[in-house]
Amino acid sequence: MLVPVRRALRRPSRPAIAMPSSSPTTDHTLPPGTVLTLQQRRLQQILWAVLATFGTAALTSFSKNDYASVALELAAVALLCLAYRWNQQGALARASQLMLGTLTAGIFALMATGAGLYDEGTLAFPAILLFAGMFGNRRMLLVLMAWQQGALVLMFVLHQAGVIRAVEAPVDLQRLVMMVTIMAAIGFFVWLLTGDLQRTLAQLASEKEALAQSLERIDVLAHRDTLTQLPNRTLAKDRLEQLLLQARRDQCMVAALYLDLDNFKTVNDSLGHAAGDELLCLVAERLGSGLRECGTVARLSGDEFLILLGGIHTEEAVAASAARVLQLLAQPFRLQGLDVVVTTSLGIAVAPRDGSDVDELLKNADLAMYRAKDSGRNAFRFFDASMNENVVEHLHMASGLRTALARGELQVHYQPQFDLHSGRIIGAEALVRWKHPTLGFMPPSKFIPVAERTGLINEVGAWVLNRSCLDAKAWRLRGLGELTVAVNVSPLQFHRDNIEHEVANALAACQLPASALELELTESLLVADAHHLSEVLQRLRTLGVQIAIDDFGTGYSNLAYLQRFAVHRLKIDQSFVRRMGSSTHDEGIVRAIIEMAHCLGLQVVAEGVEDAAMLRKLQGFGCEFGQGFHWSPALPADGFCAFVQRHQGTAGLTG
Ligand code: C2E
Ligand code: MG
Ligand code: MG
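Our next topic: the packing of aromatic side chains. Applying the stated criterion across every chain yields a total of 10 aromatic pairs. An angle of 45 degrees between the planes, with centres 6.0 Å apart, marks the rings of Y414 and F640 as tilted. Of this pair, Y414 sits in strand β8 (residues 410-419) while F640 sits in helix α23 (residues 637-650), placing them 226 residues apart in sequence. Relative accessible area serves as the criterion here: at 0%, F640 is assigned to the buried category. Ring geometry for W434 versus F447: centroids 5.7 Å apart, planes at 85 degrees, classification edge-to-face. Within this pair, whereas W434 is found in strand β9 (residues 425-436), its partner F447 is found in helix α14 (residues 444-454), the two being separated by 13 residues in sequence. Using a relative accessible area of 0% as the deciding quantity, one classes W434 as buried. Take F447: its relative accessible area is 0%, and that puts it in the buried class. Members of the aromatic cluster, connected to one another through ring pairs, are Y414, W475 and F640. We note R286 situated over the ring of F333; from NZ or CZ to the ring centre the distance is 3.8 Å.

Put into structure tokens, the structure is as follows:
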């Protein structure tokens, strides 16, 4: 019992009572003025009690004229005073040994000179052992115990030998006072000891509770995402492991759905990180409440979430859940007073078909997610083995693209754009091409996503911009008229700060007027009120550059921003234009876009005009400009010049 108490007494957590850092048997003399340790204070209190007992005993003996006892008791008082002094100096072990030795010897002497085994001094023996247990060490306790046993045996022998006469001591007032004093000293000591014990136990209980709370907190930190409180990657992998084991037992399937928000970076960059965090929490909340009964939702990192579905029997069920997830997240999120629409790409891997262990399944779901992104985003894709091959292809392409610029493998082709009323060529859209040394001409739909993912788009984009400005200047010098050139700009280029400098430098390098350049932005850039974007576009507009929104109608742009973002033109996505002939619905969309654009004071360019019927319809709707295979595909720079010269020669709308 005493061991934990002593350990607890040595704990450094209670600064009001300084604890000795060493064993109590080691003497360390403290400098004067040092705060007393708890053990020193206890010893001091006990010494007071013992001194009072011996003082009382001396007075009692004196009143009985028992001067031998008085001498003995005063000698004990003197030794106890010395112990008191040592204790004050911090020599705790020495002081406690002296006190215990004095007590045992003193009581032995009192018994021998007094009533032997009948002497009330024997009452103090158990208390001495308790002192020894608390202040001494185990060896000291054993020595004292042996000493006390020996004293009792010796008393017995002395009684037998008649040295001590076995007369019953008279029960007088002095005897009562002595017994009461001894019992009071023992009671005082036990009171101190139990107080310490109770305090220590209470402290242990509160420490145990604090420990349990920290363990709980550690568990949360290790297994939960701190922002959304969803399970983190570690816990998700653990749960997936359990689901896989269960699926093996129950002969069913497990699906891992890897989810990535398509335009999270735009939200983060435009509305700030606090809004980004808020969006992640809202997404987590929606997923959590929408999928509570059927699966586990975890956040893996950034804007990546994982949904685990267990006990599945058909792929249709997985597809239904994936569609539900897309639908859940398609509703706008209210962020800083704005309705923000985010789209989602989901990659799905199903065990056991796509992998039987956690890592393989997650890797394949991740691959499928990238496939969903490449295929236009806002979609889900199941993993299939060819995706692995695509990853290898992607790696090859990324490394090839790095050297393509230096080796002159990139080219810009120009697709003429027409004024639908006059039939004149007004300019061209610059479309990049990669003449791969072994694979031949590579379409931009294949390598632009790779360039965006690897960050190479900034270099490629800057090169296309410079090349296009140079070619546009050359057309003017060759007398082709004031043609404009429309350059596609990736959203990633806009997230950098130097796009306007790049544009100004490109124009200045070839002395091309800014009005001859149009920048085509994708609709996804307008998903939120990007303060930064609005400023950049305003500065570009001040330069004199035209701004067009490409593939209009496929994204979720906030119409109110079209004007605020200083946009000049909308380019109707070619999918609507192409289907116009066969679908009255698409025809309606095209007409509505044209009318809406005109209401907002914007011009319209129709992409993908493939035949005369489409052209006539567009002319009828009042569409200003067009481009498409009806006139020409994108042509190399020389071919484009020749085309313009031929066209200007015939000067009319061919077709
Ligand atoms: P986009 O900007 O919408 O370009 C129009 C695409 O439609 C071009 O494909 C063009 O060749 C094609 N097209 C034109 N007329 C017709 C038609 O009558 N029918 C059909 N079916 N297609 C037609 P391309 O050149 O393969 O470019 C694809 C996309 O790649 C472009 O779409 C653009 O988003 C991107 N891209 C091209 N060059 C660049 C570039 O320099 N930078 C960036 N960031 N993206 C580029
Ligand atoms: Mg374009
Ligand atoms: Mg387009």
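Moving on, we get to the coordination of the magnesium ion (ligand 2). The coordination sphere of the magnesium ion (ligand 2) contains the protein donors E429 (OE), N488 (OD1), E520 (OE) and D550 (OD), at a distance range of 2.1 to 2.2 Å. Written as a sequence motif, the donor residues of the magnesium ion (ligand 2) are E-x58-N-x31-E-x29-D. Separating the magnesium ion (ligand 2) from the magnesium ion (ligand 3) is a distance of 3.9 Å, and D550 supplies a donor atom to each of them. With a gap of 62 residues between them, N488 in strand β11 (residues 484-488) and D550 in strand β13 (residues 546-552) connect regions that are remote in the sequence. Under the relative-accessibility criterion, D550 is labelled buried at 7%.

At 2.0 to 2.4 Å from the magnesium ion (ligand 3) lie its protein donor atoms, namely D550 (OD), D551 (OD), E607 (OE) and E607 (OE). For the magnesium ion (ligand 3), all donor residues lie on one chain, and their spacing in sequence is D-D-x55-E. With relative accessibility at 27%, the residue D551 sits in the partly exposed group. Judged by its relative accessible area of 5%, E607 is buried.

The next point concerns the site of ligand 1. With respect to spatial proximity, 21 residues lie near ligand 1, and among them E429, D550, Q574, E610 and F629 are the closest. The side chain of E607 places a nitrogen or oxygen atom 3.2 Å from an oxygen atom of ligand 1. E610 has a polar side-chain atom sitting 2.5 Å from a nitrogen atom of ligand 1. When isolated, ligand 1 has an accessible area of 790 Å², and the protein chains bury 82% of it. Those elements giving two or more residues to the shell around ligand 1 turn out to be β9, α14, β13 and α20 (574-579). Partitioned by chemical class, the residues of the shell around ligand 1 number 7 nonpolar, 6 polar and 8 charged.

In this section: the sheet that holds strand β3 (residues 304-312). Taking strand neighbours across the sheet as the criterion, the 5 strands line up as β2-β3-β1-β6-β7 in an open arrangement whose pairing is mixed. The open sheet is flanked by β2 (295-301) and β7 (379-382), the only strands paired with a single partner. Pairwise comparison of adjacent strand axes, ignoring direction, gives a mean angle of 20 degrees for this sheet. Bridge count for strand β6 (residues 344-351) against β7 is 4 bridges, and the pairing is parallel.

Okay, the side chain of K571 next. Note on placement: K571 falls in strand β14 (residues 569-572). Only 2.5 Å separates the side chain of K571 from the side chain of E520, close enough to count as a polar contact. Dropping the residues within four chain positions of it, K571 is found in contact with Q417, E429, E520, A548, I549, D550, D551, F552, V605, E607 and Q627.

Of all the positions in α14, only F447, V450 and A451 are classed as buried. Down the axis of α14, the buried set is contained in an arc of 100 degrees. They therefore lie on one face. The first or second residue beyond α14 is G455, which carries a positive phi of 85 degrees.

We now examine the packing of helix α3 (residues 67-88) against helix α4 (residues 92-113). At their nearest, the axes of α3 and α4 sit 8 Å apart, and the two run at 170 degrees to each other. Accordingly, the angle class assigned to the pair α3 and α4 is roughly antiparallel. Across the interface between the two elements, S69, L72, E73, A76, L79, L80, L82, A83, W86 and N87 from α3 touch L92, R94, A95, L98, M99, T102, A109, L110 and T113 from α4. When grouped by side-chain class, the residues that make up the contact of α3 with α4 number 13 nonpolar, 4 polar and 2 charged.

With 89% of its residues at a pLDDT of at least 70, the chain reaches an overall mean of 85. No element of the chain has a lower mean pLDDT than helix α1 (residues 2-9), at 34, and none a higher one than strand β16 (residues 625-626), at 98. Segment residues 1-35 is flagged for pLDDT under 50; beyond a separation of four residues in sequence, or across chains, it makes 58 contacts in the model.

The rules behind each value
Residues numbered from 1 in each chain as written. Chains lettered and ligands numbered in written order. Predicted model: local features only at pLDDT ≥ 70, side-chain atom pairs only at ≥ 80, totals over all residues. Heavy atoms only, no water. Phe/Tyr/Trp six-rings, centres within 6.5 Å; stacked < 30°, edge-to-face > 60°. Helix = DSSP H or I, 4+ residues; strand = E, 2+ residues; numbered from the N terminus. Buried < 20%, exposed > 50% of the residue type's maximum accessible area, 1.4 Å probe, protein only. Lys NZ or Arg CZ within 6 Å of the ring centre and 35° of its normal. Donors = N, O, S within 2.8 Å, 3.2 Å for Na, K, Ca; no water. Near = heavy atom within 4 Å. Polar contact = N/O pair within 3.5 Å; in protein donor to acceptor, adjacent residues only side chain to side chain. Areas by Shrake-Rupley, 256 points an atom, 1.4 Å probe, with all protein chains shown as cover. Nonpolar A, V, L, I, M, F, W, Y, C, P; charged D, E, K, R; others polar. Pairing = 2+ DSSP bridges. Axes fitted to C-alpha atoms, helices over the stretch in contact; angles between N-to-C directions. Contact = heavy atoms within 4.5 Å. Arc of directions from axis to C-beta. Parallel < 35°, antiparallel > 145°, perpendicular 65-115°, else oblique. pLDDT = per-residue confidence, 0-100.

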